[in-house]
Amino acid sequence: MISLRALFLACGLLWGGPLGAVDYLREVKPLLTEQCVTCHGAEQAKAGLRLDTAAAASQGGEHGAAWVAGRAAESLLVQVLEARHGEVARMPYKKPPLTPAQVATVRAWIEAGAQAPAEEVPGRKLHWSLVPPLRPAVPAVHPSNWARNPIDHFVLARLASAGLAPSPEADRVTLLRRVQLDLTGLPPTPAQVTAFLADLRPDAYERVVERLLHSPHYGERWGRHWLDLARYADSNGYSVDAPRSIWPWRDWVVNAFNADQPFDQFVIEQLAGDLLPDATREQRIATGFHRNTQLNEEGGIDPEQFRIESVLDRVNTTGTALLGLTVGCAQCHDHKFDPLSQREYFQLYAFFNQQDEPSLEAGSSEQFATRDAVRARMKPLRAELDALAETLKPKFADWEAALTPETREQLPLEVRTVLGLRPADRKPAQVKLALDGFYRTQPGYREAEQRLKAAAKDEPVLPKTLVLAERPEPRDNFIFIKGDFTRRGADVAPGTPAVLHPFSQGHARSGIPNRLDLARWLMNPANPLTARVMVNRVWQQYFGLGIVPTENDFGTQGAPPTHPELLDWLAVEFMRPEIGDRSSELKSPDVSAQSSNSHLPTPAAWSFKHLHRLIVTSATYRQASKVRPDLAEKDPTNKLLARQNRLRLDAEIVRDVALAASGRLNPTLGGQSVFPPQPDGVMNLGQSSREWKPSTGNDRFRRGMYTFYWRATPHPALAVFDTADAFSACTRRLRSNTPLQALTLLNDAAFVELADALAQRIQAEAPEAQRLEFGFRLCTSRTPNPAERARLQTLLDEEARDGGTEKAWQTFARVLLNLDETITRE
Amino acid sequence: MNLKPQNPLHGLTRRHFFSRCGMGLGSIALASLMDRSQVLGAAPGSHPLAPKPTQFPARAKNVIYLFMAGGPSQLDLFDHKPRLNALNGQPIPDSYLEGKRFAFMDSSFKNKSTLLGTKRAFRQHGQSGMWVSELFPHTAGIVDDVTFVRTVATNVFNHAPAKLFMNTGSAQFGRPSMGAWATYGLGSEAENLPGFVVLQSGPRGPRGGAVNWGSGFLPTSYQGVPLRGQGEPILNLTTPAGISAERQQRAIAAVKDLNLQRLVETGDPEIATRIAAYELAYRMQTSAPEAIDLSGESDATLKLYGVDKAKPSFARNCLLARRLIERGVRFVQLYHTNWDSHGGPGENLENDFEKVCHEVDQGQAALVKDLKSRGLLDDTLVIWGGEFGRTPMGESRDKTGRNHHIEATTMWLAGGGVKSGYVLGETDELGFSPIADRVHVHDLHATILHLLGLDHKRLTFRFQGRDFRLTDVHGEVVTKLLA
């Protein structure tokens, strides 16, 4: 409509003609809002100019008024749009110019007198990610028989518009290994592969997905991704890097994933579990999320400085993990690109400035029950002892007076020392020492004491874990000028960024909003960011890159989504699911139901398992990952997903695959972190040369995620494969590919040990003729092709000639653990 | 220069295959396989450590950074202050302390602190007449090849954050170190060794540990690799016990052949990178032990450095640094602990300080002389310094020492495009604050990158939505010290 009339205007044919005057609100303002107010609006007004209201524009900036009513050619706005201003560059700056028709609209409106309403709401262009997602319509696509669920419709529509076809489904073995590694971080056993290949039911794959989603290893795999965001480690960081106990929080995360705790509850408990009404012990353990900050124990520091560093870290981590915004940029100044002021940064800071940092006993309910029972048993024994002491006490003075040198000599040294003092000079602790010494000489007392000690031996020692607790007396909150904590600026109160959905308090007891209000605000479905950010991160784990490739920046400097509708659809489906859940049918082994969606129960809101199920059962996910020549030019980085991607496994999973293949894996869940072998000398690299005593027995073979993580000196086999560094929220692991990785897999004692175990397993579990294939399947899940078989046979023959069968299988096993395919999800 | 990978999935990890592979498999066969994989769509990227062009002509190709872990006392080594000696024992005027922050604030400032003169004799040396104290007799002999910067200022006064700040430009963990930035920007000439190598000596590791030479958010290809001067030079470098060289070679050859088959099958260029990584790893198994083997060094050289072949030492690491530079390593960083002269046990300004000075003096001087005589000094920038300086005031512990001081300290640079026999900057009569030519750590970083042919404002990496650089949003190149 605009363009047709503008065309006439541009040709100068229509002046006040039948289409009438240009309407500011309908035609000019949307144009200015779209093209100009990002730089010339409320958030920033470059060159002092704002174009978000006509009044502000005619008031002008450094270069004068934006327009002179009735004189378009002389107006600044028209001159810069047409690139004919002497000093000011063509606008929009470094963006495509407006079309002639659009410029003509502006010209015509100015010529006609630049009329605009007096009361005008400022125009405001919101970045896409700040507009709440709505459920988009699922596009119709051809061929519709490829698509398995709505995800595929979005992907296929985008591919079709680029003239690309999707890839065929991966072969079944690849698919099984892929989904099993993605959901549990462990490869399928040869028996699982065989069973899957033999299951010819149409929903055999969906059944595998259900099996995996119900495996306890699912919680480990997806919990570990969350630990990356939370900067989890087992030590305090900085130079001293003393050990800490916060693994009960790590186990809480794993359990929460396994229980499919809704994501909103999951976050609320971690940010503010202690503030929930009648908070349970588990909910308080959950607040360990924000105790994963570093702690500086170096001598001579200013403790307040490092307390503040922790608070800043909590703000930044919350912003990164849950909002996908570079909130930290506003610590020293207003955000340069996103609508976030320094004041708003410190309003968020104010929520996290009110905590104490205690620790809490953790433990299973059995442990607590055992302790209660033991203490109940101890109670009468202690009462008996106390009663005995009470009756003996009056006799102390007589006893002391009656001591002879010989009887005195039989007393313990410390008792004799006290008795050497005059009674008036004895301190209370010394009096007690003397009394105890006396009691123990009296009949029956020692025996009663022993009975109490024996009972106490059964009392379990409960692990402690770090938690947050709200301070009774709140701290004052200030803006720090230029982010420097020694320079206090204006006071601030807790609050949330104005550009996001409204903040409603009401849970706070004191009337001042607290962390619980913040957590509930974050998880309010009106929040435009959190659901998108989270589904994007889940997507990224499956395809290597997110739909928004800058998974850590949903702001204006981030990359736009490759599939905006898909992102929104996933975000809305995550928050308010509509796609029915077939999982209960699939769990019953005999029914192969093909129910229509309408009869299926709707899954719970914010269910991760629902999200995983949707993605891994999509045709998009199931595609082959083979590189296609036709994509090399059209989509070299595979943004459009015409195929799957081969992804090198995460550091912990590289270890897990070797553990699983060798048969050594100890699948125990949770508990204290462990110490698998590592090369000598690693622990000397830090300030404090800490001991690394390798775990023995089964603890030597725990999954990689349970390796004790020293921040200053992380286990080299994890570090070399790009594990998260635990200093700040890690939103995506790098996938480097270096010679040090080769040296690790080839020579590290831990991998050599596992290769030996694999060699023994191959010989023990497979008949001679099948050993080669069996070993290959343990590592890659598939059978070798003839060329691979021939190459491996050559190796075995050469090695056997050189050093005998035993050594041949050892080398064979080392080769398998070093294959690119073994440490890759295809 | 934002070196964003073409394919963000693979990161900066692909290797320029044809330029650098060679071992074992016939090149022609490999090339034809590679051609096939390219047909499949796998465009080969470039190896992350392949040499890259500078942004403008460089003055230095390599860096050897002698990091004195802790804070060496500039007032007892380089910054000669007769007035401080004259005022020994007198309280420091209030005007100096206003608004300043120090480590150990509580314990150090309960009582008014008094000035502490040095007990060390200073003399002028060389043609340039540079002041150096008696504790550095060998170093006094190289002053005409050195630029002293007397006014280096930092932001942070505790060890671990200050050491990080000096290395990464930030007191927060997680940023890339200078050596990582340099190898990210320039790659490395070393075919068979890592591009960034770290050597350590002294009684303990430096505070903060591996983050000091970490790659932060840069790919791990750029992180410093600790090289041990004796025994196994690199972690996991040695073929496992009980496995002969032949068996190791056979295993590697089989891994390569099978990986090649998979490369052809899948077309994934990442497999080509992995094949190349195994080849470099294999070459490192020979080249790294060769690099630390001093048997080829003449007695005269060993004597120059004062190296005892049987013992680890800072001097030995200085000699190793030269050998690594000769082999194309881009950035070598030496850490020597422990410079922390508070006055407590093991850290007094008397015999403890003499000991640590003696440990480094001959080696560091020999390094500069040796580089010069071999014609390597022009291309190699040598940097010497700690993480901060020490106060003109005394600090009372068991004995008298000095506290951490961020206002001013002395560092020196040699070779690689900096002036010779030159002093930059001047401190006040007590050596407390700069009065001319203050050089902040960010300025130093900007200057070092400049000497390497890199613009500190254009050497960036995008992380968490922001372009990061070594100098954050600060730093000016200190043109006065450029030759």
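## Quick look at the pairing of strand β4 (residues 146-153) of chain B
All names here are of chain B.
Okay, step 1: In terms of residue burial, β4 counts as a mostly covered element, since 8 of its 8 residues are buried.
Okay, step 2: Judged from the 3 bridges that link them, β4 and strand β12 (residues 422-424) form a sheet pairing that is parallel. Bridging from a neighbouring strand, Thr147 pairs with Tyr422 of β12.

## Concerning the confidence of the model for chain B
Residue and element names in this part refer to chain B.
Okay, step 1: Summarising the model, chain B shows a mean pLDDT of 85, and 86% of its residues fall at 70 or more.
Okay, step 2: Below pLDDT 50 for its whole length, residues 1-46 participates in 106 contacts with residues either more than four positions away or in separate chains.
Okay, step 3: Scored as a whole, the predicted complex attains pTM 0.78, and scored at its interfaces, ipTM 0.83.

## A look at the pairing of strand β11 (residues 409-414) of chain B
Residue and element names in this part refer to chain B.
Okay, step 1: Among the 6 residues that make up β11, 6 are buried, leaving the element largely enclosed by the rest of the structure.
Okay, step 2: Residues Thr409, Met411 and Leu413 point to one face of β11 and Thr410, Trp412 and Ala414 to the other, with burial holding for every one of them.
Okay, step 3: Inspection of the sheet shows β4 paired to β11 by 5 bridges, in the antiparallel sense. Paired with Val152 across the strands is Thr409, a residue of β11.
Okay, step 4: For strand β8 (residues 380-385) and β11, the ladder comprises 3 bridges, and the chain directions are antiparallel. Looking across to β11, one finds that Val382 is bridged to Ala414.

## Quick look at the packing of helix α16 (residues 365-392) of chain A against helix α21 (residues 445-456) of chain A
Residues and elements named next belong to chain A.
Okay, step 1: Their axes nearest at 9 Å, the elements α16 and α21 cross at an angle of 165 degrees. Here α16 is positioned roughly antiparallel relative to α21, judged by the angle of their axes. Relative to α21, α16 is oriented so that their crossing is left-handed. On α21, the residues that touch Val374, Arg377, Met378, Leu381, Arg382, Glu384, Leu385 and Leu388 of α16 are Tyr445, Ala448, Glu449, Arg451, Leu452, Ala455 and Ala456.

## Section: the domain arrangement of chain B
Residue and element names in this part refer to chain B.
Okay, step 1: Taken domain by domain, chain B holds domain 1 (13-47 + 238-311) and domain 2 (62-139 + 158-229 + 347-405).
Okay, step 2: Between domain 1 and domain 2, the contact holds 12 residues from the first and 11 residues from the second.
Okay, step 3: At 7 residues, the largest contribution of residues to the side of domain 1 that touches domain 2 is made by helix α9 (residues 269-292).
Okay, step 4: Looking at the side of domain 1 that touches domain 2, its residues break down into 7 nonpolar, 4 polar and 1 charged.

## Description of the interface of chain A and chain B
Buried accessible area, meaning the area lost when the parts come together, often serves as the stated size of an interface.
Okay, step 1: Taken together, the contacts link 77 residues of chain A with 64 residues of chain B.
Okay, step 2: At the level of elements, α28 (631-634), α31 (739-747), α34 (786-803) and α35 (805-818) of chain A are the ones that each hand at least two residues to the side of chain A that touches chain B.
Okay, step 3: Residues of the side of chain A that touches chain B, tallied by class, amount to 27 nonpolar, 30 polar and 20 charged.

Cut-offs and rules
- Residues numbered from 1 in each chain as written.
- Chains lettered and ligands numbered in written order.
- Predicted model: local features only at pLDDT ≥ 70, side-chain atom pairs only at ≥ 80, totals over all residues.
- Buried ≥ 20, exposed ≤ 12 C-beta atoms within 10 Å, placed from the backbone.
- Helix = DSSP H or I, 4+ residues; strand = E, 2+ residues; numbered from the N terminus.
- Pairing = 2+ DSSP bridges.
- pLDDT = per-residue confidence, 0-100.
- Contact = placed C-beta atoms within 7 Å.
- Axes fitted to C-alpha atoms, helices over the stretch in contact; angles between N-to-C directions.
- Parallel < 35°, antiparallel > 145°, perpendicular 65-115°, else oblique.
- Left-handed = near helix turned anticlockwise from the far one by under 90°.
- Domains from an automatic or database assignment.
- Nonpolar A, V, L, I, M, F, W, Y, C, P; charged D, E, K, R; others polar.

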